[in-house]
Amino acid sequence: MTPTIIVHGGAKTITDDKVAANNAGCTAAAEAGWAVLISGGSAAEAVEAAIRVLETDQTFNAGLGATLNSDGEVELDAAMMEGSLSWGAIAAAQGIRHPISVARKVMDDKPRLLVARGAERFAADNGAEMCKKDDLIADEQWQEWKEDQKVIDRPNTVGCVALDASGILAAGTSTGGTTKQQQGRVGDTALVGCGLYADNKIGGCSTTGDGESIIPVVLAKTAIDFLTGDRHPDEAAQMAIDALASKVKGEAGCILIDRQGRFGWAYNSSHMACAYMTQGQEQVAAFTKK
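Since we're looking at a predicted model, the values are computed, not measured. (Residues numbered from 1 in each chain as written. Predicted model: local features only at pLDDT ≥ 70, side-chain atom pairs only at ≥ 80, totals over all residues. Heavy atoms only, no water.)

**Remarks on the overall build of the protein chain**
- Scanning the protein chain for helices and strands turns up eight helices and twelve strands.
- Taking 290 residues into account, the globule formula puts the C-alpha radius of gyration at 19 Å, and the protein chain, at 17 Å, falls close to it.
- Considering the protein chain as a whole, with its 290 residues, one finds that 57% of them fall into the buried category.
- If you take every contact in the protein chain between residues at least 6 apart in sequence, the share linking residues at least 24 apart comes to 68%.
- Taken as a whole, the protein chain presents about 11,200 Å² of accessible surface, with 47% of it coming from carbon and sulfur.
- Computed over 26 positive and 38 negative side-chain charges, the separation of the two mean positions in the protein chain equals 4 Å. (Helix = DSSP H or I, 4+ residues; strand = E, 2+ residues; numbered from the N terminus. Rg over C-alpha atoms; globule rule 2.2 N^0.38 Å. Buried < 20%, exposed > 50% of the residue type's maximum accessible area, 1.4 Å probe, protein only. Contact = heavy atoms within 4.5 Å. Areas by Shrake-Rupley, 256 points an atom, 1.4 Å probe, with all protein chains shown as cover. Lys, Arg positive; Asp, Glu negative; His and termini not counted. Charge placed at Lys NZ, Arg CZ, Asp CG, Glu CD.)

Below, the structure is given as structure tokens:
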């Protein structure tokens with residue numbers, strides 16, 4: 001099986017002054033995940049490694065740099081799913097540096113979604129990296145929230161899909177939600193079928209965009225279903241985004257890898273930060289527009 005990894009830094013508008021940062025961040029994430037894959041690591045380990053990089057980069061809406069809710073706080077959602085249909089997720093959690101790692105711990109324990117204090121307690125009890133909740137507030141996000149600025153290059157959910165040498169697929173997503181969202185609001189990221197999906201017999205998907213639009217069309221599972229009949233992931237991704245646009249309003253994007261290791265992505269926003277790596281490439285390929 002051909003190891004492959006693809007990451008996204010969100011479907012959004014990316015201003016010229018942030019193109020380099022988006023490319024650099026997604027490249028670093030893909031490199032981290034690829035290093036795991038070529039050393040014989042699992043798809044889940046690669047997805048976790050890649051998303052952890054994005055969760056420490058203030059360019060992206062995950063971990064440090066996440067958007068602030070209506071109360072000026074960072075609330076984090078994350079999920080991981082393996083192609084065996086095992087999954088784990090957390091939502092509306094505070095004070096967790098790497099929510100994707102906690103989602104993986106939940107998955108490895110037993111599939112379920114933990115929220116708020118329950119997620120935080122599970123994280124602390126299982127040795128996750130905890131911090132003061134204010135430590136996750138980035139300066140730029142705080143200034144925009146405090147001054148009630150209209151943000152052009154709004155950050156969005158990050159994600160990753162990987163296929164390892166054993167033919168196992170994994171997908172992960174991580175987010176801080178939407179700017180000034182109501183305290184306690186949970187979007188698509190932590191919901192299996194919406195923010196992510198993985199099935200070893202078909203493929204893996206991670207989504208990004210407006211959760212309230214992604215949820216009713218079950219975007220990740222819709223994209224996976226379009227892979228049937230040996231359809232290329234690029235075509236399946238575009239069909240999924242077209243299906244969303246035909247039914248609801250809202251911006252969205254998705255990345256896909258099929259069981260053969262082919263990859264693709266599509267979006268209906270102005271830009272989508274994306275990077276990928278597979279055998280035969282000399283280096284990671286990164287884009288902010290397709």
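**Some thoughts on the pattern of salt bridges**
- Tallying each qualifying case throughout the model produces 13 salt bridges.
- Note that Asp225 and Lys221 form a salt bridge whose closest N and O atoms lie 2.7 Å from each other. Of this pair, Asp225 and Lys221 both sit in helix α7 (residues 219–225), separated by four residues, roughly a single helical turn.
- Here Asp225 falls in the partly exposed class, since its relative accessible area comes to 36%.
- The residue Arg262 makes a salt bridge to Asp230 at a minimum N-O spacing of 3.1 Å. Within this pair, whereas Arg262 is found in the loop between β9 (252–258) and β10 (263–267), its partner Asp230 is found in the loop between α7 and α8 (233–247), the two being separated by 32 residues in sequence.
- Linked by salt bridges that have partners in common, Glu48, Arg104 and Asp108 make up one network. (Salt bridge = Lys/Arg side-chain N within 4 Å of Asp/Glu carboxyl O.)

**A look at the nonpolar core**
- By size, the foremost hydrophobic cluster in this structure holds 41 residues, and its most contacted members are Ile6, Cys205, Leu219, Ile255, Leu256, Ile257 and Trp265.
- In contact with Leu219, other than residues within four places in its own chain, are Gly193, Cys194, Thr207, Ile214, Ala240, Ile241, Leu244, Ala252 and Gly253.
- By size, the runner-up hydrophobic cluster in this structure holds 30 residues, among which are Ile14, Leu37, Met80 and Met277. (Core = buried A, V, L, I, M, F, W, Y, C linked by side-chain atoms within 4.5 Å.)

**Overview of the packing of aromatic side chains**
- If you walk through the whole model with that rule in mind, you get four aromatic pairs.
- The interplanar angle of 35° and the centroid separation of 5.6 Å between the aromatic rings of Trp265 and Phe287 together place this pair among those described as tilted. A residue pair is termed long-range when its members are at least 10 positions apart, and Trp265 in strand β10 and Phe287 in strand β12 (residues 285–287) qualify at 22 residues.
- Classification of Phe287 as partly exposed rests on a relative accessible area of 29%.
- Judged by centre distance (6.0 Å) and plane angle (20°), the rings of Tyr276 and Phe287 are stacked. Within this pair, whereas Tyr276 is found in strand β11 (residues 271–278), its partner Phe287 is found in strand β12, the two being separated by eleven residues in sequence.
- Relative accessible area serves as the criterion here: at 15%, Tyr276 is assigned to the buried category.
- Residue placement shows Lys221 over the ring face of Tyr197; its charged tip is 5.6 Å from the ring centre.
- Across from the ring centre of Trp265, 4.6 Å away, lies the NZ or CZ of Lys290, which sits over that ring. (Phe/Tyr/Trp six-rings, centres within 6.5 Å; stacked < 30°, edge-to-face > 60°. Lys NZ or Arg CZ within 6 Å of the ring centre and 35° of its normal.)

**Considerations on the sheet that holds strand β6 (residues 169–175)**
- Taken together, the eight strands give an open sheet; going across it, the order is β4-β3-β2-β6-β5-β1-β11-β12, and neighbouring strands pair in mixed fashion. The open sheet has two edge strands with one neighbour each: β4 (113–115) and β12. Averaged over all neighbouring strand pairs, the angle between strand axes comes to 10°, with direction disregarded.
- Both strand β1 (residues 4–12) and β11 contribute to a ladder of eight bridges, which runs antiparallel. Across the sheet, Gly10 pairs through a bridge with Ala273, a residue of β11.
- Against the sheet, helix α1 (residues 19–38) engages β1, β5 (158–163), β11 and β12, with an angle of about 155° to β1.
- Those strands touched by helix α2 (residues 43–55) are β1, β2 (76–82), β5 and β6, and its axis lies near 155° from that of β5. (Pairing = 2+ DSSP bridges. Axes fitted to C-alpha atoms, helices over the stretch in contact; angles between N-to-C directions.)

**What to know about the sheet that holds β10**
- Ordered by their spatial adjacency, four strands build an open sheet running β7-β8-β9-β10, and the pairing between neighbours is antiparallel. With one partner strand each, in any of the chains shown, β7 (196–199) and β10 form the two edges of the open sheet. Each strand of the sheet is rotated relative to its neighbour by a mean of 10°, with strand direction disregarded.
- Bridge analysis of β7 against strand β8 (residues 203–209) gives four bridges, and the strand direction is antiparallel. Counterpart to Ala198 in the pairing with β8 is Gly204.
- Docked against the sheet, α8 engages β9 and β10, running at close to 25° with respect to β10.

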